[in-house]
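Here is what each chain is made of, one letter per residue.
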Amino acid sequence: MEVSRDPRYLTGSVWVVCFWSLLYYITEFYKDPYRRSRIKDLTSTFTGALSGSIIIFFALILDDFVQDYRDYYQSFLVYFGLHFIGTALGRTLITSFAAYRIKNRIIGFPTLIVGSNEKAVELYQELRTQKKSPGFQFVGFVSVNNNVRFLMEQDLEHLGEYPELNTLIPKHGIEEVIIAVETKEHDKLERILNELRAHEQLRIHVIPDTYDILSGQVRLQSYGAPLVEIEQELMSVGQRLAKRIFDLLFALLAMVVLSPLMLLCALMVRISSPGPIFYLQERIGLNGRLFRIIKFRSMIANAEANGPQLSSENDSRITGWGRLMRKYRLDELPQIFNVLAGDMSVVGPRPERAYYIERIKESAPHFVHLQKVRPGITSWGMVKFGYAENVEEMVQRVKYDIIYIENMNFLNDLKVLIYTVLIVLQGRGK
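Residues numbered from 1 in each chain as written. Predicted model: local features only at pLDDT ≥ 70, side-chain atom pairs only at ≥ 80, totals over all residues. Heavy atoms only, no water.

Notes on the layout of surface pockets
- One number sums up the size of the second largest pocket: a volume of about 800 Å³.
- Lining the second largest pocket are 38 residues; nearest its centre among them are Arg-283, Lys-295, Met-299, Ser-311 and Arg-326.
- Mapped onto the lining of the second largest pocket, the elements with two or more residues apiece are β7 (278-284), β8 (290-296), α10 (320-327) and α14 (391-406).
- Within the lining of the second largest pocket, the residues separate by chemical class into 15 nonpolar, seven polar and 16 charged. (1 Å grid on protein atoms, 1.4 Å probe; cavity = no way out; pocket = protein on both sides within 12 Å on 5 of 7 lines; lining within 4 Å. Points joined across faces, edges and corners; volume = space filled by probe spheres on them. Helix = DSSP H or I, 4+ residues; strand = E, 2+ residues; numbered from the N terminus. Nonpolar A, V, L, I, M, F, W, Y, C, P; charged D, E, K, R; others polar.)

Below, the structure is given as structure tokens:
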């Protein structure tokens, strides 16, 4: 009783609860309880409980006085065992209850089928007649080609055509979409996916072909019909947090280490030509948000008095010092402040102006996927392609940045940074 009244005990208890809550939030333990597999849930609970218990042990238990070192092992095993058993039992009850309600069609997820003919009808009938429901509650279907008659009309309501998806999804509260297009309609797939990927919380499924099955993309699921789920989230909460922490630490270190070089650049910009030291320009960032990118001015003042213009290698608007800065990409250094402000990341697709984004999207509508992540000071596109001198080159660079965001991880960020340093040291910038 005396221990429970100790203020240190109460303070420690609050911190421990906050620690476990934060750990489970970062590892997405609380995410989507209705769609979690019980086996996967048990595995993630074990991993989380073990890693958290180790941290608690070293932070709070290891410095306790004991007469026998074996008491440490006993303390750890008791703490871990009680935490894991209590947490796993609670989670298993929750997921089992959710699974029971889903399988017995008590609850489900509003689902839309994209497709209107043989494949869509066959898939719908297969899913609808399953003894245990996979959780799809079909709201209707969307057609791909504007046929006179749709086979799906016999079973579901025709809600519209696929270009209307952005309006239909929020209107009907759609949570799941199944793409069941015919072979002759595959040319529309990219446009359909571009429409759907604007909705980050949406779960997208497609009917796999033989290649998908052989390549292992079809996972063992509770669905009776094989479906491939298209991953919408590029990074988990933990990965996003780790990337942001790395950005902040890198930017702070760079600001300290490179401050003499930045002061020299600022002085040379002032001496080399009349006008401001910094050049501020509106760019489109994460989720289409507008921000102002900061650079050392490398062109004459009012270089775009006649409207937006991309620079070229022999651009007469570039100053002598500006040309040297561009060669070693020193003009990009002030973007460290954009990183600290949260507008940019160290590594990510380069941000573009709204004027050029509209022109890029005419040829590459999948450009919108790049806006799912923070733009970066450097990117895989900049490493592999470099600066673009026209819209066609900007479109070519997009494919490298798409590859990057589909494979985002810490090691690939380091790879891009290493390549960027080599380019800078060799003076291979434009």
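Additional details are given in the paragraphs that follow.
Points about the sheet that holds strand β2 (residues 136-143)
- Pairing is mixed across the open sheet formed by six strands, whose spatial order is β3-β2-β1-β4-β5-β6. Each edge of the open sheet carries a strand with a single partner, namely β3 (158-161) and β6 (228-230). Across the sheet, the mean angle from the axis of one strand to that of its neighbour is 30°, orientation sign disregarded.
- Here strand β4 (residues 176-179) pairs with strand β5 (residues 203-206) via four bridges, running parallel. (Pairing = 2+ DSSP bridges. Axes fitted to C-alpha atoms, helices over the stretch in contact; angles between N-to-C directions.)

Things to note about the pairing of β7
- Sheet topology places β7 next to β8; seven bridges connect them, and they run antiparallel. Opposite Phe-278, over in β8, you have Phe-296 as the bridge partner.
- Hairpin connection from β7 to β8: five residues lie between these consecutive antiparallel strands, with Asn-287 at a positive phi of about 55°.

What to know about the packing of aromatic side chains
- The final tally for this structure, using the stated rule, is 18 aromatic pairs.
- Their ring planes at 85° and their centres at 5.4 Å tell us that Phe-246 and Phe-410 sit as a pair that is edge-to-face. Of the two residues, Phe-246 is situated in helix α8 (residues 237-257) and Phe-410 in helix α15 (residues 410-426); the sequence distance between them amounts to 164 residues.
- Against the face of Phe-29 rests Arg-91, its NZ or CZ located 4.2 Å from the ring centre.
- Stacked on the ring of Tyr-355, the Lys or Arg Arg-359 has its end atom at 3.7 Å from the ring centre. (Phe/Tyr/Trp six-rings, centres within 6.5 Å; stacked < 30°, edge-to-face > 60°. Lys NZ or Arg CZ within 6 Å of the ring centre and 35° of its normal.)

Structural notes on unusual backbone geometry
- The phi dihedral of Glu-28 falls on the positive side, at around 60°, and the residue is not glycine.
- Mapped onto the fold, Glu-28 is located in the loop between α1 (7-26) and α2 (38-61).
- Unusually for a residue other than glycine, Arg-105 sits at a positive phi of about 60°.
- Relative to the helices and strands, Arg-105 is located in the loop between α3 (70-103) and β1 (109-114).
- Under the relative-accessibility criterion, Arg-105 is labelled partly exposed at 40%. (Buried < 20%, exposed > 50% of the residue type's maximum accessible area, 1.4 Å probe, protein only.)

Overview of the side chain of Arg-283
- The topology assignment puts Arg-283 in strand β7.
- Glu-352 provides the closest opposite charge to the buried, salt-bridge-free Arg-283, at an N-O distance of 4.9 Å.
- A distance of 2.7 Å separates a polar atom in the side chain of Arg-283 from a polar atom in the side chain of Gln-281.
- Those residues in contact with Arg-283 that lie beyond four places of it in its chain are Arg-289, Leu-290, Phe-291, Ile-293, Lys-295, Pro-351, Glu-352 and Arg-353. (Lys, Arg positive; Asp, Glu negative; His and termini not counted. Salt bridge = Lys/Arg side-chain N within 4 Å of Asp/Glu carboxyl O. Polar contact = N/O pair within 3.5 Å; in protein donor to acceptor, adjacent residues only side chain to side chain. Contact = heavy atoms within 4.5 Å.)

Some remarks on the nonpolar core
- In this structure, Phe-296, Met-325, Ile-360 and Ile-405 are the most contacted members of the largest nonpolar core, which totals 41 residues.
- In terms of residue count, the dominant contributor to this core is α14 (six residues).
- With near-sequence residues (within four places) excluded, Met-325 lies in contact with Cys-265, Val-269, Phe-296, Arg-297, Ser-298, Leu-330 and Asp-331.
- By size, the runner-up hydrophobic cluster in this structure holds 21 residues, among which are Ile-169, Val-177, Ile-192 and Val-206. (Core = buried A, V, L, I, M, F, W, Y, C linked by side-chain atoms within 4.5 Å.)

Overview of helix α12 (residues 354-363)
- Every buried residue of α12 is listed here: Tyr-356, Ile-357 and Ile-360. Each buried residue of α12 lies within a common arc of 105° when the element is viewed along its axis, so the set occupies one face.
- The inward-facing, buried residues of α12 contact β7 and α14. (Arc of directions from axis to C-beta.)

Concerning the pattern of salt bridges
- Applying the stated criterion to the full structure yields 11 salt bridges.
- One salt bridge connects Glu-195 with Arg-191, and the closest N-O pair in it is separated by 3.1 Å. With a gap of four residues between them, Glu-195 and Arg-191 both fall in helix α6 (residues 189-196), about one helical turn apart.
- Residue classification places Arg-191 among the partly exposed positions, given a relative accessible area of 38%.
- Here Asp-413 makes a salt bridge to Lys-243, at a shortest N to O gap of 2.6 Å. With Asp-413 in helix α15 and Lys-243 in helix α8, the pair connects residues that are 170 residues apart, well separated along the chain.
- Among the charged side chains, a salt-bridge network with shared partners connects Asp-32, Glu-176 and Arg-203.

As for empty space enclosed by the protein
- Under the counting rule described, the total for this entry stands at three cavities of 30 Å³ or more.
- The volume enclosed by the largest cavity comes to roughly 70 Å³.
- Every residue along the wall of the largest cavity is listed here: Ile-284, Gly-285, Pro-349, Arg-350, Pro-351, Glu-352, Ile-357, Phe-367, Leu-370, Gln-371, Val-373 and Pro-375.
- In this structure, the second largest cavity encloses a volume near 60 Å³.
- Lining the second largest cavity we find Arg-197, Glu-231, Gln-232, Leu-234, His-369, Lys-372, Ile-405 and Glu-406.

Points about the side chain of Ser-143
- Among the secondary structure elements, Ser-143 is positioned in strand β2.
- Among the polar contacts listed, one links the side chain of Ser-143 to the side chain of His-158, at a separation of 3.0 Å.
- Non-local contacts of Ser-143, meaning those with residues more than four positions away in its chain, are made with Ser-116, Phe-150, His-158, Gly-160, Glu-161 and Tyr-162.

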